[in-house]
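Summary of structural features
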Amino acid sequence: MDRKYGPELFGSTYLRGEVVFRQGETGDVMYIIQSGAVEVSQDKNGSENVIAILEKGDFFGEMALLQTGGRSATITAISRTRLIPLTKALLVDRLKRDPDVSLHLLRKLIQRIQRAHRRYRQELLENEEFRNAVAAYSEKLLAGDRGFSPVEAPDALPGSRDLTNDLLLAEANIGTNRCRHHAAPGETIFHEGETGDCMYLILSGRVGVSKYEAHVTRLIDTIGPGDFFGEMALIADMPRSATVTALEATDLIVIDKEQFVECLENQPDLAIAIIKTLILRLSCLESMLSNPGTFRVQQHSPWVPKLVKRDRMSLSIVSLSTCAGCSAVLLDYTVLSKILSKSSIDYCQMLMDREALPESDIILVDGVVRLREDEIRLNEARRKCRYLVAWGTCAAFAGIPGLANRFEVETVIEESYGSTDDAFSYYFSGPSGIDRCNVQQINGVDLQRRAFALDSFEKVDYYLPGCPPDPTLLYDLILELTGGQTSKTLPVVCSRCGRKPAADYFEKGATSHLPADKICFNSLGRVCLGFMTRGGYESVCPKGGAPCWGCRGPSKKTILSLKNGETLEEIAVRGIGQRYGKDDGDITETIRRIKQGGHFMFNMDSDATDKLLRVR
Amino acid sequence: MRQQILLKKATRIEGNATIHVEIDQGRVQYARFMVEDFRGFEKLCQGKEVAFVPHIISRICGLCCMAHQAASVRAIEDALEIDVPDPVRKLRQAAVYGEWIASHALSYFFLTQPDILGTSEGIFGLIQHHPQIAETAFSIQKAGSRIVEMLGRRSVHPVAMCVGGMAVRPSINDLDEIVSIAGNVAEQTRQIIGSLDQRTLPDRRIAFPRHNRVNFLCYDENSGSQGHLKVYASDGARDDRFDVSAFEDHVSEMRVDWSFAKFPYLSRLGFPDGIFHVGPLSRAFSEHSAINMGELEDFEIIQRARSSRGIHIEYIDVMRLAEIYWAATRIEELLQGIDLSAIDTTPVNPDESGKGIGVVEAPRGVLIHSYTINRGRIERLKLLVATQFNNPLINLIIKDLAEQHMETGGLSESGQKAIGRCIRLFDPCLTCATH
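Structure report, in brief. Keep in mind that what you see is a predicted model, and the values were worked out from it rather than measured.

Reading across from one edge, β9-β16-β11-β14 (chain A) is the order of the four strands in this open sheet, with antiparallel pairing throughout. The open sheet has two edge strands, β9 (180–183) and β14 (228–229) of chain A, and neither has a second partner.

Residues and elements named next belong to chain A. Within the secondary structure, Q448 sits in strand β23 (residues 447–452). Sequence spacing of Q448 and L371 is 77 residues, and the spatial spacing of their C-alpha atoms is 5.3 Å. Ignoring any residue separated from it by four or fewer positions in sequence, one finds Q448 in contact with V369, R370, L371, R372, E375, V409 and F457. A distance of 2.9 Å separates a polar atom in the side chain of Q448 from a polar atom in the side chain of E375.

What follows deals with the pattern of salt bridges. All told, the structure shown has 40 salt bridges over all chains when counted by the stated rule. Across the salt bridge formed by R377(A) and E373(A), the nearest N and O atoms sit 3.5 Å from each other. Here R377(A) pairs with E373(A), and both are found in helix α10 (residues 372–383), just four residues apart, close to one helical turn. Relative accessible area serves as the criterion here: at 11%, R377(A) is assigned to the buried category. Residues R304(B) and E300(B) are paired through a salt bridge, measuring 3.4 Å at the closest nitrogen-oxygen approach.

A separate point is the interface of chain B and chain A. Counting residues at the interface gives 67 residues for chain B and 75 residues for chain A. In total, chain B and chain A occlude about 6,300 Å² of area from one another, counting both sides; carbon and sulfur atoms represent 60% of this. Counting the contacts that link chain B with chain A gives four salt bridges. Its salt-bridge partner being D353(A), residue R424(B) comes within 3.6 Å of it at the nearest N-O pair. Remark: the boundary between chain B and chain A carries 22 residue pairs in polar contact (both at pLDDT 80 or more). Put simply, the parts of the chain that give the side of chain B that touches chain A at least two residues each are β1 (4–9), α1 (41–44), α2 (53–58), α4 (86–117), α5 (122–129), α6 (131–152), β9 (251–255) and β14 (377–385) of chain B. A per-class count over the side of chain B that touches chain A returns 29 nonpolar, 15 polar and 23 charged. In the sheet, strand β22 (residues 421–422) of chain A pairs with β9(B) via two bridges, with the strands oriented parallel.

Let us look at the pairing of strand β21 (residues 385–391) of chain A. Residues and elements named next belong to chain A. The buried fraction of β21 is high, at seven of seven residues. Inspection of the sheet shows strand β19 (residues 360–366) paired to β21 by five bridges, in the parallel sense. Across the sheet, I362 pairs through a bridge with Y387, a residue of β21. Strand direction decides the pairing type here: β21 and strand β24 (residues 462–464), joined by three bridges, are parallel. Following the sheet pairing, W391 is matched in β24 by L464.

Thresholds applied
- Residues numbered from 1 in each chain as written.
- Chains lettered and ligands numbered in written order.
- Predicted model: local features only at pLDDT ≥ 70, side-chain atom pairs only at ≥ 80, totals over all residues.
- Heavy atoms only, no water.
- Pairing = 2+ DSSP bridges.
- Helix = DSSP H or I, 4+ residues; strand = E, 2+ residues; numbered from the N terminus.
- Contact = heavy atoms within 4.5 Å.
- Polar contact = N/O pair within 3.5 Å; in protein donor to acceptor, adjacent residues only side chain to side chain.
- Salt bridge = Lys/Arg side-chain N within 4 Å of Asp/Glu carboxyl O.
- Buried < 20%, exposed > 50% of the residue type's maximum accessible area, 1.4 Å probe, protein only.
- Buried area = accessible area lost by both parts, 1.4 Å probe.
- Nonpolar A, V, L, I, M, F, W, Y, C, P; charged D, E, K, R; others polar.

Here it is as structure tokens:
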């Protein structure tokens, strides 16, 4: 034991009224109150404002441990007080050796943050000027304005940057599937007021923190890679203090209470990192309260973690009731070899003998849920993977088998099996004996009442629609998930079609300057939904002579129109009307006919409105 | 003898199925091929306009999509008496043969060869341990799907085929490229067949049942105006001949509650005497088939395969190779001197009524689409799809194999392997069979 760093047994005495330190002074010592009490005050517009009173067992001045700026408040003793000073080195040493110290410190910090939040709320309610400033600030946050003045990266602890970096890496590498979560853009991770028992570390991506205060929900903060959130509920056993939503595709490590305590014991650097960040957060809140008009200090994480670039993902392919076209497209060696360079295919019932579905990073599921069996297989797939991908239009939107949904399942069975003989009655009534198909008889492997897309049963992480889907979509997704960019939304089918609209085609007719095979199908009087369908697969259908039927699902713009209350049919009529030279009534009737007589997008079991950000 | 229940998922086949074998008191009580796939195409097509039907029907199967589309347009054209010019017929047939090549390559290399070479990871094991073979596998499969792609504009679920003609005409360059690809495939396949000469059958016991009648069904398109469906007995004698339009009436089907696939049989002969076999081993009986080609006569393995017609099943993968060769040469013949200008690309959307049948030899066997059309929309349709015909036979052979491989402990390891291998040899396409 190094005597130089040992704590004082008895703290220094401060008499009533004595100032321990002033706001703005430099200092790098933290104090524990052994006895007595102090008041914490801040200078606001020239007058001294008492923020808090701290008593025996409390501590203060910890922010100095991490920042190189001046003290954020003035501390004055209000009675005879003994204060034990703690240097950085000592604190860190203690934190490393004793997880209880960390926990205690954390709890106290959280109490502080809570108190600050309370003050914040009060200010919002009472102070108009403050409200306006905060609103302006939220807007700037939303607009992505990051004009912060960066704080000097506090490397209070030598080598801490790398330590915690490696820690995160280690955590990421050993983290089992259960401890991870991938949040899609727009996904709410938890709501304010919910009970929560885990905290989250952000590996990549960004989340927004919003609070409901003074009757309005406001974005108050964004948190980026290397940072964490949700720790308050974990440490202090309290309901979630804010709503956290993923602003982009975000990769998270989830730590529950048990793991957290274990972490504190085995990886004290994590505790230190958390403490540092909490302190930072507190300081931000404090500075915002005292000076709402200015930008707060950027919450610059003490480390920038190396993005955990996974080299390879494990991929399994599960097929439900499908035509196998979605698997057939993967046999193209050009794409398959690219996929195999970034992933290993661990299970595929059509191509391999592996009987039990293994735990995988990605499970690709194609086909509809039509049988009871399919549902069971889907449940298993969801349990055993990190990312469940709906591969193909059947899995995403129920596709062609979904056309059977306009009939009662009994009639579907009747049609297929109605004129068959039951094997049993055959021997009693001869080959001509008709035992009209009894639905209950197909009971060993039951049918669902409808053909369902996957998300009727399980949460789907990504949708890759297409009938069949372009295999490069899968490769792009794997790239995205192994640390690359989020794939851009492809423009509508028209963009690669090559045909041009000619709304005057019927007037000009044969004198039109373009040959019929270069003119937009809609202008020719046939229905093509390319203008409202998400692109992909190089518009192979219209190029090949078949009008687009919408297998890739509605385009982004179409989904937004759907959200506004329009129906697919209305959108179609509008779009075709722009390209077709004849009367409007004609088109509505045609759409109605096509919906009945064709396989077009209108028939798809699509609740595409909330899938927008997860379709590729 | 104790009871043993074996429930195994069938792997390396297209579709979902479970093999169920139960042995009790020294007897095989159950041996079932439980097929777990169903989507209900026979119902969901009702009310759909004929212009869209080939595209909907194509989605019955992603491996046999071209065959389904071809049968579908034929049935519609037959029903509504729409004439198609000869070049269109030829191009469609060439596309179907392209699919034969892709499908047989998939079946031979990806699905059944791993048993011989001993890799359970299928094609991924081949890529690792036998890269040469994997390369050949991918190249032949790609050749086949490229041919379908050039004629149909997409290899899985083609878009260019339509009622009355084609939506997009291929160019002369396209045709040249197809012929060249077909030539390469023929060359490669010939070499592979040549290298198989010394091979003996790994398991002679996978054979057609000796004590049960099997009716070998195939389609001869050149016989008569519309072609005939011919039935052969296992000794090669031509047993029966049906008009395409009449065939449906001669077939009855059975159903069970443990499988979604149906069990067709010839009504006249009853069940189980009327059960069928379709596919390469069936086509081997007709004169114009791969196994009887002059160019392949010299290969000993082909001669052995020919002489084991109706007896052994193991030669079926040799037959598939021969059929790849045959399909490639047929494509070259069909594309000779085609007059592309005669192909009409104007779309038709008729609203007449009629009843018609389209028959195609798909890679796995005879495919029959029978449509009743009411004012341009499907009133009713019936599908008899290749593997469906094979379904009763598969169940029967599994039972035989289970009985042959019984031991004191139950079903032996080699028995389980034989059952798995037997199912793979049939190359069942279960999504087709259940549709």
